[in-house]
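Notes for the structure review
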Amino acid sequence: MADFESFIPALHRPTSLLPIVRHKEALLYTVEKHQVTVLIGQTGSGKTTQLPQYLEQAGWCNDGKVIAPRRVAATTVAKRVSEEMRCQLGQQVGYSIRFEDVSSATTRIKFLTDGLLLREALVDPLLSRYSVIMVDEAHERSLSSDVLLGVLKKVCKRRPELRIIVSSATLDAEQFLNFFSGTNSEDTTTEYNSIGQIISIEGRTHPVDIHYMTEPCEEYLQRAVKTIFDIHSSEPEGDILVFLTGRDEIETITEMIANRLPSLPDGSEKILPLPLYAGLTTEQQMYVFEPAPDNTHKVICATNIAEASVTIDGIIYVIDCGFVKLRAFNPTTGIETLTATPVSKASAAQRAGRAGRTKPGKCYRLYTEAAYNSLDDVTVPEIQRSNLAPMILQLKALGIDNIARFDFITPPPAELIIRALELLFSLGALDDYAKLTKPMGTRMAELALEPMLAKCLLSATSFGCLSEMLTIAAMVSLQSSVWFTHDTKKAEETARRKFAVEEGDHLTLLNVYQAFVTKGKKDSKWCQQHYLNFKSMSRAVSIRNQLRRYLERFGIDVTESLGGNDVLRAGGRPKEESIRRCLTSGYFAHAARMMPDGTFRTVDGGTVLHAHPSSLMFNRKADWVIFTEVMETGDKTFIRDVTKIEKAWLLEYAPEFYRVKS
DNA sequence: GAGCACTGC
């Protein structure tokens, strides 16, 4: 998303006009007097770009320490600040994101992601390099920022001179302050209250008229289209932003709009529907920022991406369907779900606010006022609906052994913690006392991989397939697709078949990577011919290099074996079998068996699974398989990255896990 | 026959 930041006009507003300027003295006073400052200010208030500079000028970085606000787009904010301070990026002002560290010994203001700061805590538990740490956009309540706040609260007690700034929305400000003040809610004695203060630098926002439905509507897509055309015919001109839940809806509605365009009277203004969701390429997403042609109104049909991550100026009308697709993790089944859920009041307010950025606007909620009143105040934080295994692994590595007693701003449900502990135990990362094992557990925590995948990589040496697992781990952890999903499905399918390996998706991915680095010569044209995403493939190379460096540091021999993977043997086994065995040693908890009808069943037989259409196993026969990802969407549960295994391997590599279950 | 949004020394 980094590319978008350069399109946020607020970022290029003259500094003197930023709302924060009037609060400079008050801010510096508060930071001087209190350990914690909760800062209320919206995007565009200047908090991320200006406050670090104020602190630097005030001498907070004099002893060579660094301020670390976190921002997704650390790069662009750092660039802006270095320009304002007239210094070279990477000198006084720098940033650090995965694969890119543009900072040096002279860096006084450093922008980095919260995940990265947490990793720094692994080697520097008191974060002693920093004098002030700003946790930006803390109200978004991401898993890593929640964990970071808990860690910072501990660090504060040991480092009274450390200053924390938490940037938040109005609604959560008290909660953050109470969190740092003491034992969260009840205990708000005066002694503790002096630890922090709330400062609001809220700039002027324009009023937004809220309109509700008088009756609940069943088909909100149709209703949205009607609203778009009503606005177009009877309201003053302005662009429209429609919040929907996903790609499907967005494609449907843009078609519905296009179909109704001929009904517009001759000579009237035109409507230009534009899709916006994360699955689009950066180039495709850029259209929403371009000014509409003359006599044309943009109608941007977007997912939640437009709620916080992407800011589009010039929006006067917002249409809010009232739903968002949220990820959740079911601790009973261990399956992730992705389902449309009613938004929270905070989310609805944020969406409405998108209409009032440039002048007064209007927001049409496609639900009744009664429905609005029944919404939750805020979205359930990620920490209460996620697979906590990675987080627990990280906390253990930070020396926080008693997870149940860790000071979370909102504690995760016990079932999620138990499920995660069970998994980590079965993977050999934790011992009988729930302590991190050495070296397996500590290494798993350090690797930037999911625990199950980390286990595969760390056991690869014993299976004689380390080089191959490095590649597979890199390919599997790519979040974006390796394949271009063009409309030309057949061509894509034949291209994919060239790399297909009978045993499944993981070996196919290995094949793709090996072809890329040998025949492909890192050439984008070659990728195009084979319907491969060049950016994804290059990222896989970076991830693989990073993983190899981790292993080297662990003292694991990563000498790369050259030659074809079919002919190499380890322990008298074909290489592909070693790889599949190795995958089983990490993914045994993700095993399933194919039924005669082509669907799969979990080991307990309780859940029906479908091979995702992007998987080789979608139209192939198999018996037992393991898979890297499982997700329930709509009414089906899909498994992705599927590889054939032998049932006996499950008992061989996870005897305890399967003895208990069966 | 198909996935919201983020992210990792």
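All values reported here derive from a predicted model rather than from experimental measurement. (Residues numbered from 1 in each chain as written. Chains lettered and ligands numbered in written order. Predicted model: local features only at pLDDT ≥ 70, side-chain atom pairs only at ≥ 80, totals over all residues. Heavy atoms only, no water.)

What follows is about helix 12 (residues 345–353). Here helix 12 has its buried residues at Ser-347, Ala-348, Arg-351 and Ala-352. Projection of helix 12 onto a plane perpendicular to its axis shows the buried side chains occupying an angular sector of 140°, all on one side. If you follow the buried residues of helix 12, they end up packed against strand 9 (208–213), strand 10 (239–243), strand 13 (315–320), strand 14 (323–330), strand 16 (361–368) and helix 13 (369–373). (Buried < 20%, exposed > 50% of the residue type's maximum accessible area, 1.4 Å probe, protein only. Helix = DSSP H or I, 4+ residues; strand = E, 2+ residues; numbered from the N terminus. Arc of directions from axis to C-beta. Contact = heavy atoms within 4.5 Å.)

As a further point, take the packing of helix 2 (residues 24–33) against helix 3 (residues 47–57). Where helix 2 meets helix 3, the axes come as close as 11 Å, and the angle between the chain directions of the two elements is 65°. Of the two elements, helix 2 crosses helix 3, and the hand of that crossing is right-handed. On the side of helix 2, the interface is formed by Lys-24, Leu-27, Leu-28 and Val-31, while helix 3 contributes Leu-51, Tyr-54, Leu-55 and Gln-57. Taken together, the residues of the contact of helix 2 with helix 3 sort by class into six nonpolar, one polar and one charged. (Axes fitted to C-alpha atoms, helices over the stretch in contact; angles between N-to-C directions. Left-handed = near helix turned anticlockwise from the far one by under 90°. Nonpolar A, V, L, I, M, F, W, Y, C, P; charged D, E, K, R; others polar.)

Moving on: the side chain of Gln-546. Take Gln-546: it is sitting in helix 22 (residues 534–553). Setting aside chain neighbours within four positions, we find Gln-546 in contact with Arg-98 and Phe-99.

Moving on: the packing of aromatic side chains. Tallying each qualifying case throughout the model produces 12 aromatic pairs. With a centroid separation of 6.0 Å and 55° between ring planes, the pair formed by Trp-483 and Phe-499 is classed as tilted. One end of the pair, Trp-483, is in the loop between helix 18 (466–476) and helix 19 (489–499); the other, Phe-499, is in helix 19, and 16 residues separate them in sequence. This pair shows no difference in class: Trp-483 is buried, exactly as Phe-499 is. Among the aromatic residues, ring-to-ring pairing joins Trp-483, Phe-499, Phe-516, Trp-526 and Phe-534 into one connected group. (Phe/Tyr/Trp six-rings, centres within 6.5 Å; stacked < 30°, edge-to-face > 60°.)

Here helix 10 (residues 247–260) spans 20 Å end to end across 14 residues, near enough to the 20 Å set by a 1.5 Å rise per residue. Within the span of helix 10, buried status applies to Glu-249, Ile-250, Ile-253, Thr-254 and Ile-257. Each buried residue of helix 10 lies within a common arc of 130° when the element is viewed along its axis, so the set occupies one face. In helix 10, those exposed residues whose orientation departs by more than 90 degrees from the buried face are Asp-248, Glu-255 and Asn-259. Packed against the buried residues of helix 10 are helix 9 (220–234), strand 11 (270–276) and strand 12 (296–302). (Expected span 1.5 Å × (residues − 1).)

Let us look at the sheet that holds strand 16. Reading across from one edge, 9-16-13-10-12-11 is the order of the six strands in this open sheet, with parallel pairing throughout. Single-partner strands in this sheet number two, and they are strand 9 and strand 11. Shown here is a sheet whose adjacent strand axes are inclined to one another by a mean of 20°, direction ignored. Looking at chain direction, strand 11 and strand 12 are connected through seven bridges and run parallel. By the bridge assignment, Pro-273 is partnered in strand 12 with Val-299. On the sheet, helix 9 packs against strand 9, strand 10, strand 11, strand 12, strand 13 and strand 16 and is oriented at approximately 155° with respect to strand 16. This element, helix 12, spans strand 9, strand 10, strand 13 and strand 16 of the sheet and lies at about 145° to strand 16. (Pairing = 2+ DSSP bridges.)

With that settled, consider empty space enclosed by the protein. Counted by the stated rule, this structure contains two cavities of 30 Å³ or more. Volume-wise, the second largest cavity comes out at about 30 Å³. If you trace the second largest cavity, you find it lined by Ile-231, His-232, Glu-235, Pro-236, Glu-237, Gly-238, Ile-240, His-297 and Tyr-317. For the lining of the second largest cavity, the class distribution of residues is four nonpolar, three polar and two charged. (1 Å grid on protein atoms, 1.4 Å probe; cavity = no way out; pocket = protein on both sides within 12 Å on 5 of 7 lines; lining within 4 Å. Points joined across faces, edges and corners; volume = space filled by probe spheres on them.)

What follows covers the pairing of strand 15 (residues 335–342). For a regular strand, side chains alternate in direction, first toward one face of the sheet and then toward the other. Judged from the eight bridges that link them, strand 14 and strand 15 form a sheet pairing that is antiparallel. Bridged to Asn-330 within strand 15 is Ile-335. Relative to strand 22 (residues 624–633), strand 15 is paired through three bridges, and the arrangement is parallel. Bridging across to strand 22, Leu-338 finds its partner in Thr-633.

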